[in-house]
Amino acid sequence: MSSTRRALCLMIQGLVLFVGTGVAGSASAAVPEADIRNTETPGYKTHFKMPDYTSRKQWEERRLSLQQQILSAAGLLPMPLKAPLQPRIVRRLAYKDYSIEVVLIETLPGYYLGGNLYRPVGKTAPAPAVLLPHGHWKRGRLEDLPSYSVPALGINLARQGYVVFAYDMVGFNDTQQTPHSFGSWPEVLWSFSPMGLQLWNSIRALDFLQSLPDVDSHKIAATGASGGGTQTFLLAAVDERVRYVAPVNMVSAHMQGGDPCEEAPNLRLDTFNVEIAAMIAPRPMLLVSSTHDWTSHTPLEEFPAIRRIYALYGVPDRVQNAHIDAQHNYNRQSRESVYRFLAKNMLGDLPPSALVDREISLPKDEDLLAFPKLGVRGLEGYADVFQMWKITATLQTQSNADPATQREALRYALSADWPSRPDAVIDGNRIALSRIGKGDRVTGYWAPGKGAPVLVVHPGGSSAALRTEAVEKLLQSRRPVLILEPFISHADRARKERFDQYFLSYNRTDAADRVQDILTALAFLKAQSGGRPELFGLGDAGIWCVFAAAVAPIAIDVIADLNGFGGSDEDFRNRFFVPGIQRAGGLSAALRLVNTARNIIPAQTFAQAITTREGQ
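Draft legend 1. The sheet that holds strand E12 (residues 319-324), seen in detail. Reading across from one edge, E2-E3-E4-E8-E5-E9-E10-E11-E12 is the order of the nine strands in this open sheet, with mixed pairing throughout. Since the sheet does not close on itself, it has two edges, and those belong to strand E2 (88-94) and E12, each with one partner. Across this sheet, the average inter-strand angle for adjacent strands is 20 degrees, counted without regard to direction. Across six bridges, E2 lies against strand E3 (residues 98-108) in antiparallel orientation. Paired with Arg92 across the two strands is Glu101, which belongs to E3.

Draft legend 2. Region of the structure containing the pattern of salt bridges. Overall, the coordinates contain 34 salt bridges when judged by the stated rule. Linking Glu60 and Arg56 is a salt bridge whose minimum nitrogen-to-oxygen distance equals 3.2 Å. You can see Glu60 and its partner Arg56 sitting in helix H3 (residues 56-73), four residues apart, about one turn around the helix. Overlapping salt bridges bring together Asp35, Arg37, Arg493, Asp510, Asp513 and Asp517 as one network.

Draft legend 3. Up close: the pairing of E3. Most of E3 sits out of view: eleven of its eleven residues are buried. Strand direction decides the pairing type here: E3 and strand E4 (residues 111-120), joined by ten bridges, are antiparallel. Bridge pairing links Val103 to Gly115 in E4. Hairpin connection from E3 to E4: two residues lie between these consecutive antiparallel strands, with Gly110 at a positive phi of about 85 degrees.

Draft legend 4. Examining the packing of helix H18 (residues 510-529) against helix H19 (residues 541-551) more closely. At a closest axis distance of 9 Å, the pairing of H18 and H19 adopts a crossing angle of 60 degrees. As the angle between them shows, H18 and H19 are arranged oblique. Helix-helix and strand crossings are classified by hand; for H18 and H19 the assignment is right-handed. Residues Arg514, Val515, Ile518 and Leu519 of H18 touch H19, and the partners they reach there are Trp544, Cys545, Phe547, Ala548 and Val551. Of the residues assigned to the contact of H18 with H19, the class counts are eight nonpolar, no polar and one charged.

Draft legend 5. Molecular detail of unusual backbone geometry. With omega at -5 degrees, the peptide bond leading from Leu77 into Pro78 counts as cis. Counting through the fold element by element, Pro78 comes out in the loop between H3 and E2. Omega for the peptide link from Ala281 to Pro282 comes to 5 degrees, which places this bond in the cis form. Along the chain, Pro282 turns up in the loop between helix H8 (273-278) and strand E11 (285-290). Despite not being glycine, Ser191 shows a phi value in the positive range, around 50 degrees. Inspection of the secondary structure puts Ser191 in the loop between helix H5 (185-189) and helix H6 (194-211). For Ser191, a relative accessible area of 8% corresponds to the buried category.

Draft legend 6. How the structure looks around helix H12 (residues 382-399). Compared with the 26 Å implied by 1.5 Å per residue over 18 residues, the 26 Å span of H12 between its first and last C-alpha is a close match. Residues of H12 that are buried include every one of Val385, Phe386, Trp389, Lys390, Ala393, Gln396 and Thr397, and no others. All buried residues of H12 fall inside an arc of 135 degrees around its axis, so they share one side. With respect to the buried face of H12, the exposed residues turned more than 90 degrees away are Ala383, Leu395, Gln398 and Ser399.

Draft legend 7. Representation of the environment of Leu157 in the model. Looking at the secondary structure, you find Leu157 in helix H4 (residues 150-160). Separated by 416 residues in sequence, Leu157 and Arg573 have C-alpha atoms that sit 48 Å apart.

Draft legend 8. Fine view of the nonpolar core. Core analysis: the largest hydrophobic core is formed by 135 residues, its most contacted members being Phe547 and Phe576. Apart from residues no more than four positions distant in its own chain, Phe576 is found in contact with Leu414, Ala511, Val515, Ile543, Trp544, Phe547, Phe565, Asp571 and Ile581. Counting residues in each nonpolar core, the second largest holds 37 residues, with Leu93, Tyr98, Leu153 and Leu369 among its members.

Draft legend 9. Seen up close, the packing of aromatic side chains. For the structure shown, the criterion picks out 19 aromatic pairs. On the basis of an interplanar angle of 50 degrees and a centroid distance of 6.0 Å, the ring pair of Phe192 and Tyr382 is categorised as tilted. Residue Phe192 is located in the loop between H5 and H6, and its partner Tyr382 is located in helix H12; the two are separated by 190 residues in the primary sequence. A relative accessible area of 23% means that Tyr382 is categorised as partly exposed. On the basis of an interplanar angle of 20 degrees and a centroid distance of 4.9 Å, the ring pair of Phe547 and Phe576 is categorised as stacked. Highlighted residues: Phe547 in helix H19 and Phe576 in the loop between helix H20 (569-575) and helix H21 (586-594), separated in sequence by 29 residues.

Draft legend 10. Inspection of the packing of H19 against H21 at higher detail. Closest axis-to-axis distance for the H19/H21 pair is 8 Å, and the angle between their directions is 60 degrees. As summarised for this structure, H19 and H21 are arranged oblique, according to the angle between their axes. Handedness of the H19/H21 crossing: left-handed. Across the interface between the two elements, Ile543, Val546, Phe547, Ala549 and Ala550 of H19 pack against Gly586, Leu587, Ala590, Leu591, Leu593 and Val594 of H21. Taken together, the residues of the contact of H19 with H21 sort by class into ten nonpolar, one polar and no charged.

Draft legend 11. Layout of the environment of Asn400. Turning to its location among the elements, Asn400 is positioned in the loop between H12 and helix H13 (403-414). A residue is classified by how much of its surface remains accessible, and Asn400, at 21% relative accessible area, is partly exposed. When neighbours within four sequence positions are excluded, Asn400 is seen to be in contact with Thr405 and Gln406.

Cut-off values and rules
Residues numbered from 1 in each chain as written. Predicted model: local features only at pLDDT ≥ 70, side-chain atom pairs only at ≥ 80, totals over all residues. Heavy atoms only, no water. Pairing = 2+ DSSP bridges. Helix = DSSP H or I, 4+ residues; strand = E, 2+ residues; numbered from the N terminus. Axes fitted to C-alpha atoms, helices over the stretch in contact; angles between N-to-C directions. Salt bridge = Lys/Arg side-chain N within 4 Å of Asp/Glu carboxyl O. Buried < 20%, exposed > 50% of the residue type's maximum accessible area, 1.4 Å probe, protein only. Parallel < 35°, antiparallel > 145°, perpendicular 65-115°, else oblique. Left-handed = near helix turned anticlockwise from the far one by under 90°. Contact = heavy atoms within 4.5 Å. Nonpolar A, V, L, I, M, F, W, Y, C, P; charged D, E, K, R; others polar. Expected span 1.5 Å × (residues − 1). Arc of directions from axis to C-beta. Core = buried A, V, L, I, M, F, W, Y, C linked by side-chain atoms within 4.5 Å. Phe/Tyr/Trp six-rings, centres within 6.5 Å; stacked < 30°, edge-to-face > 60°.

Right, here's the structure in full:
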């Protein structure tokens, strides 16, 4: 990259797409003494507390935001186009009152999800259906133990009259084109994770069930235990076609998952499993819990918290709890509690004798698998699946002409919001800002004045910015000028980010936090003057400012030094690491949002740019 190219400045005129409102910041004790982002770094074993929602409207706004957050973390925002599933029935095993079919469906072009379809025999009317994701037991959907049996669940549900699809976790049984655990920095940038691929597989498995002529598409349930319980409530949270839900031994305020398929960067920022499971309201749900695992508190803590959300809809009794005296399980007692719940809601009254586990005749493993000996040789491997994921995402973002949709995808990747009323504490030229109720603390140098306000962001903070000719000219103009101190992780937080595998599932990156701080500062300036803010990004802060302007809901004029940042994966890794940023459209999407013309000013210094603007 030439020195001339590195010196280029990008001057961008913000597009007016939404009108933001704000209230002037004022001296307030609400600004915290310390930044919560450096003092509290939650993880999957943090004990979370359910927020207090006082109205259905308040909850539904939160629910919609959480849906988008989950889809974004999974790499499914916006939702990918659905290619034909091309279902293949590899084998059919027939029994007196049920059948088992070995099935492959193509959830992505060239990528196959394996499963077993359990069907009742002798039923004529369309039957209710059940999706059955399995947990982390060694043999996956084939596991048959006293404490956990997928075949026992599938066969007994089929006997009761349901069509049941038991499908693989990624990396299990027939679904081994990717391993169960994967995801280095390129995958993080593209939101390609076991959790995201698994959620996509669940959505496509639901599509498959709905396509079957013998299935009542309006009566579909999902149930699974442990990691299968996580899949169950994540799917039901984002897809309302799942009408009845029974997560087993997983909805906990004390432990959130801790497996690659249950975690993903940005998934649980400011949320946790209990709040996610509550998103299922008002659809009927049975929480099955255990006396000897992380769900041991459910009757006293998690169940009442979720029931309060159902009460906002006037249907508190639609959520129930079955607390089983056992170790971590999906045992006979747990299964029979689910049989009773499903029958009550989907089949009507059945005699108790029909809702118990009966003896099953278990086929050999090779009879239940599509690839019993050869594995998936000849099918596309991991690199091909990842490449298809990226191609699908790129085609979708490049063809998306809707700025609002594009802005939302970037905003959720950055996990950034526009605060309506930042709090401020001002002491001479020093200022501290905070979003109400968030606990973050943004500091900077403040010079009040008259006219259009200006925000300056320098990677070296206010001391470095004040030594530049550009900022000196700004201060001489007597306009309101705010110079931001960039967010920097303290040593403890940086150490956790380095060594905690799931840190980014619960905490933002420094780059994302810097974008949020820019938005907070812009909201303060907008509330102070009401004028159109100008944003100056110097050095590496230029790229922070471009993305902040891209997701801001108001018009902003930007002068940003991209300093050779071209938008490659390596650029994002080294200079602006944000999970999912490439999946959301990357640099090209941000530039389209802030300036469709992309006016580049060759070899113009910031001082010259400022002088030019003052003369306009």
